[in-house]
Amino acid sequence: MIVTVELNGKKITREIAPDLLLADFVRNEGCLSVKRGCETANCGLCTVFLNDVPVLSCGVLTARADGCRVTTLEGIRDEAWEFGAFIADQGAEQCGFCNPGFVMNAVALFRENPDPTEEEIREYLAGNLCRCSGYEGQLRGIQAYLAWKKAGRPRTQAGELSGESKGDRPGDPGGESKGDGSGNIAEGAEE
Ligand code: FES
Ligand code: FES
């Protein structure tokens, strides 16, 4: 069967097998941030946005995405980079394998609820399994990021904060961040 999908802003038409999973489709297109962790819709590692709604792509047929927008971490690099620096600053990443799915779900949360309570954050991210951490660093990273956004710190492009000096924000080169400052949200993204 033939499907047409807008993948990360680019319209593509492909002939696919009717049972091709969306996770495999996007990986075949080079979006290697999308992982197959459990393959049973339990871990969150394969999260993509389908028409801006987060879905577990290991449980969605590509046929369902026909005519839709599909977004992976590769398609929201700027947004993800901004947030990823706060996660790195908390040392929340260990192996990094869960990070792309976690960032996708965190971005979805910020879009849906820009001012979530701690309980709402925990609830929203409950489906994101991490085998390395106790989630506390991730929670602190989210809270620090939200506080930074609330304080109104606009940025112009990745790595540049408008009207701010270097190191003003966790993860910025030259700052006093404990993290590596890379804001490397794609750590472990390509395998
Ligand atoms: S691989 Fe899809 S939820 Fe785990
Ligand atoms: S950091 Fe290793 S699985 Fe989450």
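Keep in mind that this is a model prediction, so the values were computed, not measured.

### Notes on the overall build of the chain
Part 1 of the argument: When its secondary structure is counted, the chain shows five helices and seven strands.
Part 2 of the argument: What you see in the chain, going N to C, is helices and strands ordered as β-β-α-β-β-β-α-α-α-α-β-β.
Part 3 of the argument: Counting over 191 residues, the chain shows a buried share of 37%.

### Focus: the nonpolar core
Part 1 of the argument: The biggest cluster of nonpolar side chains holds 39 residues, and the ones touching the most others in it are V26, V48, F83, V103 and A106.
Part 2 of the argument: For this core, the secondary-structure elements that each account for two or more residues are β1 (2-7), α1 (22-28), β3 (47-50), α2 (77-89), α3 (99-112) and α5 (136-150).
Part 3 of the argument: Considering each element in turn, this core owes the most residues, seven residues, to α2.
Part 4 of the argument: If we ignore the near neighbours within four places in the chain, the residues touching F83 are V103, A106, V107 and Y145.

### Some remarks on the sheet that holds β3
Part 1 of the argument: The strand order across the open sheet formed by five strands is β2-β1-β5-β3-β4, and the pairing between neighbours is mixed. A strand with exactly one partner marks an edge of an open sheet, and here the two such strands are β2 (10-15) and β4 (53-56). Neighbour-to-neighbour, the strand axes of the sheet open up by a mean angle of 40 degrees, direction not taken into account.
Part 2 of the argument: The pairing of β1 with β2 spans six bridges and is antiparallel.

### Re α3
Part 1 of the argument: The end-to-end C-alpha distance of α3, which contains 14 residues, comes to 20 Å, matching closely the 20 Å that a straight helix rising 1.5 Å per residue would cover.
Part 2 of the argument: The complete set of buried residues in α3 reads N99, P100, G101, F102, V103, M104, A106 and V107.
Part 3 of the argument: Against β3, β4, α2 and α5 lie the buried residues of α3.

### Examining the pairing of β1
Part 1 of the argument: Only one face of β1 is buried: it carries V3, V5 and L7, and the other face, with I2, T4 and E6, is open.
Part 2 of the argument: Hairpin connection of β1 to β2: two residues between the antiparallel strands, including N8 at a positive phi of 50 degrees.
Part 3 of the argument: Where β1 meets strand β5 (residues 69-71), two bridges bridge the pair, whose relative direction is parallel. Paired with L7 across the two strands is V70, which belongs to β5.

### Observations regarding the environment of G96
Part 1 of the argument: Relative to the assigned elements, G96 resides in the loop between α2 and α3.
Part 2 of the argument: Look at G96 and you get partly exposed, because 19 C-beta atoms sit within 10 Å.
Part 3 of the argument: Along the primary structure G96 and R131 are separated by 35 residues, whereas in three dimensions their C-alpha atoms are 10.0 Å apart.

### Focus: the environment of I2
Part 1 of the argument: The residue I2 is located in strand β1 in this model.
Part 2 of the argument: Distance in space between the C-alpha atoms of I2 and A17 is 8.7 Å, their sequence separation being 15 residues.
Part 3 of the argument: Here I2 is in contact with T13 and E15, once residues within four sequence places are set aside.

What counts, and at which threshold
- Residues numbered from 1 in each chain as written.
- Chains lettered and ligands numbered in written order.
- Predicted model: local features only at pLDDT ≥ 70, side-chain atom pairs only at ≥ 80, totals over all residues.
- Helix = DSSP H or I, 4+ residues; strand = E, 2+ residues; numbered from the N terminus.
- Buried ≥ 20, exposed ≤ 12 C-beta atoms within 10 Å, placed from the backbone.
- Core = buried A, V, L, I, M, F, W, Y, C linked by C-beta atoms within 7 Å.
- Contact = placed C-beta atoms within 7 Å.
- Pairing = 2+ DSSP bridges.
- Axes fitted to C-alpha atoms, helices over the stretch in contact; angles between N-to-C directions.
- Expected span 1.5 Å × (residues − 1).

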